[in-house]
Amino acid sequence: MSITWKKLSLAVLLASTAMTVSAAKVEPYTQPGTNAQEMLQQAPIHWVSIEQIKQSLAGKGPINVSFDIDDTVLFSSPCFYYGQQKYSPNSFDYLKNQAFWDEVNGGCDKYSIPKEAAKALIKMHQERGDSVYFITGRTAGKVDGVTPILEKALGVKNMHPVDFMGDRPRTTKYNKTPAIIEHKISIHYGDSDDDILAAKEAGIRGIRIMRAQNSTYLPMPTLGGYGEEVLINSSY
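Residues numbered from 1 in each chain as written. Predicted model: local features only at pLDDT ≥ 70, side-chain atom pairs only at ≥ 80, totals over all residues. Heavy atoms only, no water.

What counts is decided by this rule: UniProt positions are given in the numbering used here, feature names are shortened, and annotations may be inferred rather than shown by experiment.
Named according to an unreviewed UniProt entry, the chain is Class B acid phosphatase originating from Gallibacterium melopsittaci. The UniProt entry for the chain carries the following text under Subcellular location (unreviewed entry): "Periplasm". Among the UniProt annotations of the chain, the heading Subunit (unreviewed entry) holds the following wording: "Homotetramer."

So, in structure tokens, the structure goes:
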């Protein structure tokens, strides 16, 4: 081997060694960081917009649609946080207390914030001539103050009384399924896994609404976890 080739081989070896040393971590990481590739990764979720939902219904006559309430059409965490602090601090026992349901359903939702995505969805459906229903997992209270609040806050025409499914005898696996079937619903919107699974049980289209990041309803569900459509920008 000539002297020139020996020098070239040595140079390549030294460069390779230097790259290996520079690529190695000097010290192990101590914090959960990230990198550009991870930050750009997105889950393969079936995102949809209100306009796409509208287009998917083009040529179809009026249908019946239903909405969950909490974290779907209302950001109602303030009422539930208040109820927990009053009736069972540091536990979820308040959800089994009829006094809480009497209070929260009696008018507390005047402090709940209507979600813009819900108002836009309802507006689109009503322009189509669709009928809107509300099906909630809440337990009914002595007085239904929820129906009139939703009617006013969301601009609902021909308002139907809210279906409170929390205390009804369970006849199906998911408690909202009977009301979905009873009202001949074609699309059910909701933030929880139970909403999507009830729609599946009833054999209809379920569309996921994103839960607000500061919701007290934890843990957060997995968007698109059952292959359902997820409405974009629907956390507020």
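Text resumes after the structure shown.
### Focus: the overall build of the chain
The test is simple: Under the scheme used here, helices are H or I runs from DSSP no shorter than 4 residues and strands are E runs no shorter than 2 residues, and both carry numbers assigned from the N terminus. Remark: exposure states derive from per-residue accessible area (1.4 Å probe, protein chains only) relative to the maximum for the residue type, with buried under 20%, exposed over 50%, and partly exposed in between. The contact definition used throughout considers only heavy atoms, calling two residues in contact when any of these lie within 4.5 Å. Methods summary: accessible areas were calculated by the Shrake-Rupley approach with a probe of 1.4 Å, and residue burial reflects only the protein chains presented.
The number of helices and strands found in the chain is nine helices and nine strands. Counting only residues that meet the buried cut, the chain has 41% of its 236 residues in that class. Excluding contacts between residues fewer than 6 apart, the proportion of contacts in the chain whose partners are at least 24 apart in sequence is 67%. Accessible area for the chain stands at about 13900 Å²; split by element, carbon and sulfur atoms hold 57% of it.

### Quick look at the pairing of strand β8 (residues 205-208)
As a reminder, the rule being used: Pairing between two strands is assigned when DSSP locates at least 2 bridges connecting them. Convention used here: a crossover is right-handed provided that the path from the first strand, over the helix, to the second strand proceeds clockwise when the strands point away from the viewer.
Where strand β7 (residues 185-190) lies against β8, four bridges are found, and the strand directions are parallel. From the neighbouring strand, H188 faces β8, where its bridge partner is G206. Following the backbone out of β7, through helix α9 (residues 193-202) and into the adjacent parallel β8, one traces a crossover that is right-handed. Here β8 pairs with strand β9 (residues 229-231) via two bridges, running parallel. Counted as the bridge partner of R208 is V230 from β9.

### Re the sheet that holds strand β2 (residues 64-67)
Here is the rule we go by: Lines fitted to the C-alpha atoms define the axes, with helices restricted to the stretch that makes contact. Angles between their N-to-C directions range from 0 to 180 degrees.
With respect to topology, seven strands assemble into an open sheet ordered β1-β9-β8-β7-β2-β5-β6, the strand pairing being parallel. Only two strands of the sheet have a single neighbouring strand rather than two, namely β1 (46-48) and β6 (163-164). Of the strands in this sheet, β2, β5 (131-136), β7 and β9 are in contact with helix α6 (residues 116-128), which crosses β2 at around 170°.

### What about the pattern of salt bridges?
Definition in use: Whenever a carboxyl oxygen of Asp or Glu lies within 4 Å of a side-chain nitrogen of Lys or Arg, that contact is scored as a salt bridge.
Counted by the stated rule, this structure contains 14 salt bridges. Across the pair K176 and D68 runs a salt bridge whose closest N-O atoms are separated by 2.9 Å. Highlighted residues: K176 in the loop between β6 and α8 (177-182) and D68 in the loop between β2 and β3 (74-75), separated in sequence by 108 residues. Pair check on accessibility: K176 and D68 agree, each one buried. A salt bridge links K119 to E116, with the nearest nitrogen and oxygen atoms 3.1 Å apart. Here E116 and K119 lie together in helix α6, a separation of three residues that amounts to about one turn.

### Some words on α6
Here is the rule: To estimate the expected span of a helix, count its residues, drop one, and scale the result by 1.5 Å.
Between its terminal C-alpha atoms α6 stretches 19 Å, which fits the 18 Å expected from 13 residues at 1.5 Å a residue. Among the residues of α6, those classed as buried are A117, A118, L121, I122, M124, H125, Q126 and R128. The inward-facing, buried residues of α6 contact α3 (50-56), β2, β5, α7 (146-154), β7 and β9. Downstream of α6 by a residue or two, G129 has a phi angle that is positive, lying close to 95°.

### Re the environment of I69
Note on placement: I69 falls in the loop between β2 and β3. With a relative accessible area of 0%, I69 lands in the buried category. Excluding anything up to four places from it in sequence, I69 contacts L74, F134, I135, T136, R138, V146, L150 and V162.

### A closer look at unusual backbone geometry
A cis geometry characterises the amide bond from L218 onward to P219, with omega recorded as 5°. With respect to the element layout, P219 can be found in the loop between β8 and β9. In the Ramachandran plot, D71 falls in the positive-phi region, its phi being about 70° despite a non-glycine side chain. Counting through the fold element by element, D71 comes out in the loop between β2 and β3. A residue is classified by how much of its surface remains accessible, and D71, at 4% relative accessible area, is buried. In the Ramachandran plot, K184 falls in the positive-phi region, its phi being about 55° despite a non-glycine side chain. Among the secondary structure elements, K184 is positioned in the loop between α8 and β7.

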